[in-house]
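Chains, contacts and geometry: an overview
Listed below, chain by chain, are the residues.
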Amino acid sequence: MKATLKTAKKILIVLATMIIILAVVRSVGMGINKRTPKGGINESFYVDINGSRQWINIYGQNINNPVLLYLHGGPGSATSPVDYSFTRKWSDVYTVVTWDQRNVGKSFDKKNISDKITKDIMMADGKAMTEFLLSYMRKEKITLLGHSWGSMFGANLSLEYPQYYDAFIGTGQCIDIYENELRLYAAAKEWTNGDAQGEALLEKWSPDNADSLEAMAARSKIMDRYGYGMMKDGRDYNIVATILFNPNYMVKDYIGYVKNIAISMDPYIPFFCTWSL
């Protein structure tokens, strides 16, 4: 009995020591990432956008640099748990604004959940956020960079309000979601032919049910299985270190992100699957 208690005590001491070390390392890393560059900017706050509190971070090495607004993909799934790690790599050229769109990520608010998100709502949000940044940063125009869903969002904004933007950069550019699903599905039928596991995944997804979470998960697994996944070439940042040293996320924020992501995505999916340029 004494030996068991002694062993348990040693384990608890080791665990406590590890937790303390981890907390200290995280605190130091977060402190470094929270620093404001000399002559630059590093601010995080909420903006009232059309009745919804929406979170942004503004980071740049020179306050006089042009402003770039990064539009995350999804829709309905913010990249704020990790995006500072790659967007800050542009901060020598741009003052970069990362934005958690309506009711996603750090912008999630259970009191403001919409039954559905529409193109008009997103276009109004994009316009309002742009106008806020133009005023706040004292710029005549800003640059848009959109990834995946964000590329469609950004392209529509730049076409609708060209007076606000000096450039649009699309990555993983989306044009017509349904047409994209049709072509991808045709290719996936060839990839999965004769592969029982692949065929089982394909049964859960088709262009006509692509808006369900189960279908989206199956689609992603098929892409990964046949070498076309988003991370097939790896990433230029360490995911563990990025999450650990995120200056904008506390443990409760990560818990909330995981807990709320399905709720956040749900109202976006139907309109996303029918929107095109």
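Presented here is a report on the structure given in the accompanying data block. Note that this is a predicted model, so its numbers are computed, not measured.

1. Quick notes on the packing of aromatic side chains
To describe a pair of aromatic rings, one takes the distance between the centres and the angle between the planes. Following the criterion strictly, the structure yields 15 aromatic pairs and no others. Ring geometry for Trp99 against Phe153: centres 6.0 Å apart, planes inclined by 45°, an arrangement best described as tilted. Taken together, the residues span a long stretch of sequence, with Trp99 in strand S4 (residues 95-99) and Phe153 in helix H4 (residues 149-160) at a distance of 54 residues. As far as burial versus exposure is concerned, Trp99 and Phe153 are alike and both buried. Judged by centre distance (5.3 Å) and plane angle (10°), the rings of Trp149 and Phe153 are stacked. Residue Trp149 and its partner Phe153 are located together in helix H4, separated by 4 residues, close to a single helical turn. Accessibility expressed as a relative area gives 0% for Phe153, which makes it buried.

2. A short note on helix H5 (residues 177-192)
The terminal C-alpha atoms of H5, which comprises 16 residues, lie 22 Å apart, in line with the 22 Å expected from a rise of 1.5 Å per residue. Turning to H5, its buried residues number three or more, namely Ile177, Glu181, Leu184, Ala188 and Thr192. The buried side chains of H5 occupy one side of the element, clustering within an arc of 75° when seen end-on. The exposed residues of H5 that point more than 90 degrees off its buried face are Arg183 and Glu190. The backbone nitrogen of Tyr178 lies 3.2 Å from a side-chain oxygen of the residue at the head of H5, namely Asp176.

3. Section: the packing of H5 against helix H7 (residues 213-225)
In the contact formed by H5 and H7, the axes pass within 11 Å of each other and the chain directions differ by 55°. If you check the angle between H5 and H7, you find them oblique. Both H5 and H7 take part in a crossing whose hand is left-handed. Residues Asn180, Glu181, Leu184, Ala188 and Trp191 of H5 pack against Arg219, Ile222 and Met223 of H7.

4. Points about a nonpolar patch on the surface
Taken together, Ile11, Leu12, Val14, Leu15 and Met18 make up a surface patch of nonpolar side chains, about 490 Å² in accessible area. As for its position among the elements, Val14 is in helix H1 (residues 2-33).

5. A word on the pairing of strand S2 (residues 52-60)
If a strand is regular, its side chains alternate between the two faces of the sheet. Summarising burial for S2: 8 of the 9 residues are buried, a large majority. Where strand S1 (residues 41-49) folds back on S2, the antiparallel hairpin that results is connected by 2 residues, among which Asn50 adopts a positive phi of roughly 50°. Strand direction decides the pairing type here: S2 and S4, joined by 4 bridges, are antiparallel. When the bridges of S4 are listed, Ile58 appears paired with Val97.

6. Topic: the packing of helix H3 (residues 119-136) against H4
Remark: H3 packs on H4, axes separated minimally by 10 Å, with the N-to-C direction vectors making an angle of 70°. Between H3 and H4, the crossing angle belongs to the class labelled roughly perpendicular. Touching Lys119, Met122, Met123, Gly126 and Lys127 of H3 are Trp149, Phe153, Asn156, Leu157 and Glu160, all from H4. Of the residues that constitute the contact of H3 with H4, the class distribution is 5 nonpolar, 2 polar and 3 charged.

7. Here we look at unusual backbone geometry
With omega at -10°, the peptide bond leading from Gly74 into Pro75 counts as cis. Residue position: Pro75 is located in the loop between strand S3 (67-71) and helix H2 (84-87). At Arg138, a position not held by glycine, the phi torsion is positive, near 55°. Relative to the helices and strands, Arg138 resides in the loop between H3 and strand S5 (142-147). With a relative accessible area of 78%, Arg138 lands in the exposed category.

8. Looking at the nonpolar core
Ile56, Leu69, Met129, Leu133 and Leu157 are the most contacted members of the largest nonpolar core, which has 37 residues in total. Broken down by element, this core gets its largest block of residues, 6 residues, from H3. When sequence neighbours within four positions are dropped, the list of residues in contact with Leu157 reads Leu71, Met123, Gly126, Lys127, Leu144 and Tyr165.

9. A short note on the sheet that holds S4
Across a sheet, strands are paired by hydrogen bonds formed along the backbone, either parallel or antiparallel in direction. Spatially, the 6 strands line up as an open sheet ordered S1-S2-S4-S3-S5-S6, and their pairing is mixed. The strands lining the two open edges of the sheet, one partner per strand, are S1 and strand S6 (165-171). Neighbour to neighbour, the strand axes of the sheet diverge by 20° on average, direction disregarded. As paired elements, S3 and S5 share 4 bridges and run parallel to each other. Bridged to Leu68 within S5 is Thr143. The sheet contacts of H3 involve S1, S2, S3, S4, S5 and S6, and relative to S1 the element is tilted by about 135°.

How each quantity is defined
Residues numbered from 1 in each chain as written. Predicted model: local features only at pLDDT ≥ 70, side-chain atom pairs only at ≥ 80, totals over all residues. Heavy atoms only, no water. Phe/Tyr/Trp six-rings, centres within 6.5 Å; stacked < 30°, edge-to-face > 60°. Helix = DSSP H or I, 4+ residues; strand = E, 2+ residues; numbered from the N terminus. Buried < 20%, exposed > 50% of the residue type's maximum accessible area, 1.4 Å probe, protein only. Expected span 1.5 Å × (residues − 1). Arc of directions from axis to C-beta. Polar contact = N/O pair within 3.5 Å; in protein donor to acceptor, adjacent residues only side chain to side chain. Axes fitted to C-alpha atoms, helices over the stretch in contact; angles between N-to-C directions. Parallel < 35°, antiparallel > 145°, perpendicular 65-115°, else oblique. Left-handed = near helix turned anticlockwise from the far one by under 90°. Contact = heavy atoms within 4.5 Å. Patch = residues over 30% accessible without salt bridge, like charges linked within 9 Å, V, L, I, M, F, W, Y side chains within 5 Å. Areas by Shrake-Rupley, 256 points an atom, 1.4 Å probe, with all protein chains shown as cover. Salt bridge = Lys/Arg side-chain N within 4 Å of Asp/Glu carboxyl O. Pairing = 2+ DSSP bridges. Nonpolar A, V, L, I, M, F, W, Y, C, P; charged D, E, K, R; others polar. Core = buried A, V, L, I, M, F, W, Y, C linked by side-chain atoms within 4.5 Å.

From the geometry alone we can't say anything about function, so treat these as descriptive.
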